[in-house]
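# Per-entry structural report
Letter by letter, the chains look like this.
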Amino acid sequence: MARGRRGLVAPQNTFLENIVRRSNDTNFVLGNAQIVEWPIVYSNDGFCKLSGYHRAEVMQKSSTCSFMYGELTDKEMSEKVRQTFENYEMNSFEILMYKKNRMPVWFFMKIAPIRNEQDKVVLFLCTFSDITAFKQPIEDESSKGWGKFARLTRALTSSRGVLQQLAPAVHKGENVHKHSRLAEVLQLGSDILPQYKQETPKTPPHIILHYCLFKTTWDWVILILTFYTAIMVPYNVSFKTKQNNVTWLVVDSIVDVIFLVDIVLNFHTTFVGPAGEVISDPKLIRMNYVKTWFVIDLLSCLPYDVINAFENVDEGISSLFSSLKVVRLLRLGRVARKLDHYIEYGAAVLVLLVCVFGLAAHWLACIWYSIGYYEVIDENTNTVRMDSWLYLLGETVGTPYRFNASSSGIWEGGPGKDSAYITSLYFTMTSLTSIGFGNIAPNTDGEKIFAVAMMMIGCEKYINLNIENYSSPSSLVY
């Protein structure tokens, strides 16, 4: 069963900031309730000191703290702890665990689910208190007289956090006896546990929370438009298309405007700081965005297609602007960061792999066409290379290259761009999934080098799949 790899996201970071600030004397860990085995995403210094483990050693381990179980741990009690997590319940337990040095310690463990605004459990708060002094008998052969009194005093002093955590609030006008509070402590009931809620941070009116519904929807729009850009930019650069079509020109202009609006929104959107807190200070937000993605986002939203649409633009300048559009592909880094949250879902992984494979084949098809375009005509001798795949395709589809000596003195004809792209995509697909079918074969040196590179990419993919299959237990069953 696959384990999750990521921890806190924005709302949980807000809660984490509050719980760390208010729980200085509490020993606790936070577990991700949305991933299998509920991995620990944060442990405070109190828990590390209490258990003897470093924070790095407990991160991503199960928040049930099963790694602290030992030979004397009650299996029935440990099963109850696990059922509490599985049922998203709130409960408390007395359980014997072991520190890192294998020293047995009795812990009072409280489990409380943390719910978001949609009443969905997103985190588990697990607090621990050392109650070994309460579990051990006070009267024994080695404890007599003042020694017994000193031991009792030390136990009550060290467990002051337990008394403060478990004691209910005393309202004015209520007659509550001290012995009843101690009885509640010894009773260790689960009805005194609070059910925590996440808190929304206070932000200025013009600042947008980066995990709110509007920003999430906007990010999905940017995600879709980024994939659109990743498909159209290589195609336009390789096939040297000028956006003379008014419809496509309007669509690309709208995309540029949306990317420009995204820049404005990013200057007013919170972000998660290095300590896990939500940063809402406008000055810090602007500085962080300028240092990270501002330059790339600015270059990606320039209206290159509008400039290329003019007929009187110099060819060199037009090629330069077309090449600069490739900068937009750097936005895919942000896409990968946003999609990482969905890696735990099998269907999402399958769809993502199909999209990545199709996008890689599309890019390679554009490169394959560019190689054929630059090699089909030898500019030095002004002759056509009959071994180029574009020349052979033109002969096959009935649109061969021909030399117009009467008027322009250049080569004309050849396959159309639609036919050339479909053929290029077909070749890259067959080369990535196999070794090609031979009906489209590389002949020139440049084509052969590129075909070898594609075969190596496909070979690496199959090697990785075979390694995963052989490493899985199911591969041992014949």
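Analysis parameters
- Residues numbered from 1 in each chain as written.
- Predicted model: local features only at pLDDT ≥ 70, side-chain atom pairs only at ≥ 80, totals over all residues.
- Heavy atoms only, no water.
- Salt bridge = Lys/Arg side-chain N within 4 Å of Asp/Glu carboxyl O.
- Helix = DSSP H or I, 4+ residues; strand = E, 2+ residues; numbered from the N terminus.
- Buried < 20%, exposed > 50% of the residue type's maximum accessible area, 1.4 Å probe, protein only.
- Contact = heavy atoms within 4.5 Å.
- Pairing = 2+ DSSP bridges.
- Axes fitted to C-alpha atoms, helices over the stretch in contact; angles between N-to-C directions.
- UniProt positions renumbered as here; feature names shortened; annotations may be inferred.
- Expected span 1.5 Å × (residues − 1).
- Patch = residues over 30% accessible without salt bridge, like charges linked within 9 Å, V, L, I, M, F, W, Y side chains within 5 Å.
- Areas by Shrake-Rupley, 256 points an atom, 1.4 Å probe, with all protein chains shown as cover.
- Left-handed = near helix turned anticlockwise from the far one by under 90°.
- Nonpolar A, V, L, I, M, F, W, Y, C, P; charged D, E, K, R; others polar.
- Phe/Tyr/Trp six-rings, centres within 6.5 Å; stacked < 30°, edge-to-face > 60°.
- Lys NZ or Arg CZ within 6 Å of the ring centre and 35° of its normal.

### Quick notes on the pattern of salt bridges
- Overall, the coordinates contain seven salt bridges when judged by the stated rule.
- One salt bridge connects Glu-76 with Lys-80, and the closest N-O pair in it is separated by 4.0 Å. Taken together, the positions of Glu-76 and Lys-80, both in helix H4 (residues 75-86) and four residues apart, correspond to about one turn of that helix.
- When the shortest N-O distance is used, the salt bridge between Asp-387 and Arg-385 registers 3.7 Å.
- What makes Asp-387 partly exposed here is its relative accessible area of 30%.
- Each member of the salt-bridge network shares a partner with another, and the members are Glu-37, Arg-82 and Glu-86.

### Observations concerning the side chain of Ser-280
- Inspection of the secondary structure assignment puts Ser-280 in the loop between strand E7 (278-279) and helix H11 (282-291).
- Ser-280 sits in the buried class, given a relative accessible area of 18%.
- With near-sequence residues (within four places) excluded, Ser-280 lies in contact with Lys-202, Thr-203, Pro-204, Ile-207, Thr-270 and Ile-285.

### Some details on the sheet that holds strand E1 (residues 27-32)
- Here we have five strands laid out as an open sheet, ordered E2-E1-E5-E4-E3, and antiparallel in their pairing. The outermost strands of the open sheet, each flanked by one partner alone, are strand E2 (40-43) and strand E3 (91-98). Across this sheet, the average inter-strand angle for adjacent strands is 25°, counted without regard to direction.
- Sheet topology note: the strand E4 (residues 104-115)/strand E5 (residues 121-130) ladder contains nine bridges and is antiparallel. Within E5, the position partnered with Arg-115 by the bridge is Val-121.
- The strands touched by H4 are E3, E4 and E5; relative to E3, the strand with the most contacts, the crossing angle is about 135°.

### Focus: the UniProt feature "transmembrane region" (unreviewed entry) in the chain
- Under the UniProt annotation, "transmembrane region" (unreviewed entry) lies at residues 218-237 and 347-371.
- As a span, residues 218-237 carries 100% helix and 0% strand, and end to end its C-alpha atoms are 28 Å apart.

### Some points on the pairing of E5
- Judged by how many residues are buried, E5 sits mostly within the fold: nine of 10 residues are covered.
- Two strands pair when backbone bridges link them, and E1 and E5 are joined in this way by six bridges, in the antiparallel orientation. Paired with Leu-30 across the strands is Leu-125, a residue of E5.
- In sequence, E4 turns back onto E5 through a hairpin of five residues, with Asp-119 there showing a positive phi of about 60°.

### Quick word on helix H9 (residues 213-239)
- The first and last C-alpha atoms of H9 sit 39 Å apart over 27 residues, in line with the 39 Å expected at 1.5 Å per residue.
- Positioned one or two residues after H9, Lys-240 has a phi angle of 50°, which is positive.

### Here's the deal with helix H10 (residues 246-266)
- Its 21 residues place the ends of H10 30 Å apart at the C-alpha level, agreeing with the 30 Å of an ideal helix rising 1.5 Å per residue.
- Taken together, the buried positions of H10 are occupied by Asp-252, Val-255, Asp-256, Phe-259, Asp-262, Ile-263, Leu-265 and Asn-266.

### Topic: a nonpolar patch on the surface
- A surface patch of nonpolar side chains, amounting to about 300 Å² of accessible area, comprises Val-295, Leu-298, Leu-299 and Leu-302.
- Classification of Leu-302 as partly exposed rests on a relative accessible area of 34%.

### Quick notes on the environment of Pro-204
- Tracing the backbone shows Pro-204 in the loop between helix H8 (178-187) and H9.
- Its relative accessible area of 25% is what places Pro-204 among the partly exposed residues.
- Here the alpha-carbon distance between Pro-204 and His-268, two residues 64 residues apart in the chain, equals 9.7 Å.
- Excluding residues within four positions of it along the chain, Pro-204 makes contact with Ser-280 and Pro-282.

### With respect to the packing of helix H17 (residues 389-397) against helix H18 (residues 417-433)
- Between H17 and H18, the shortest axis-to-axis distance is 11 Å and the interhelical angle comes to 115°. Crossing handedness for the pair H17 and H18: right-handed. Taken together, the residues of H18 that come into contact with H17 (itself represented by Trp-389, Leu-390, Leu-393 and Val-397) are Ser-419, Ala-420, Thr-423 and Ser-424.
- Each residue belonging to the contact of H17 with H18 can be placed in one class, and the counts come to five nonpolar, three polar and no charged.

### Re the packing of aromatic side chains
- This structure, assessed with the given rule, holds 21 aromatic pairs.
- An angle of 80° between the planes, with centres 6.1 Å apart, marks the rings of Phe-107 and Phe-128 as edge-to-face. Of this pair, Phe-107 sits in strand E4 while Phe-128 sits in strand E5, and the two are 21 residues apart along the sequence. Each member of the pair Phe-107 and Phe-128 is classed as buried.
- Judged by centre distance (4.6 Å) and plane angle (25°), the ring pair of Tyr-235 and Phe-239 falls under stacked. Of this pair, Tyr-235 and Phe-239 both sit in helix H9, separated by four residues, roughly a single helical turn.
- The exposure class assigned to Phe-239 is buried, which follows from its relative accessible area of 2%.
- Here the aromatic cluster, defined as three or more aromatic residues joined through ring pairs, consists of Tyr-235, Phe-239, Tyr-369, Tyr-373, Tyr-374 and Tyr-421.
- Taking NZ or CZ as reference, Lys-61 lies 5.8 Å from the ring centre of Phe-67, over its face.

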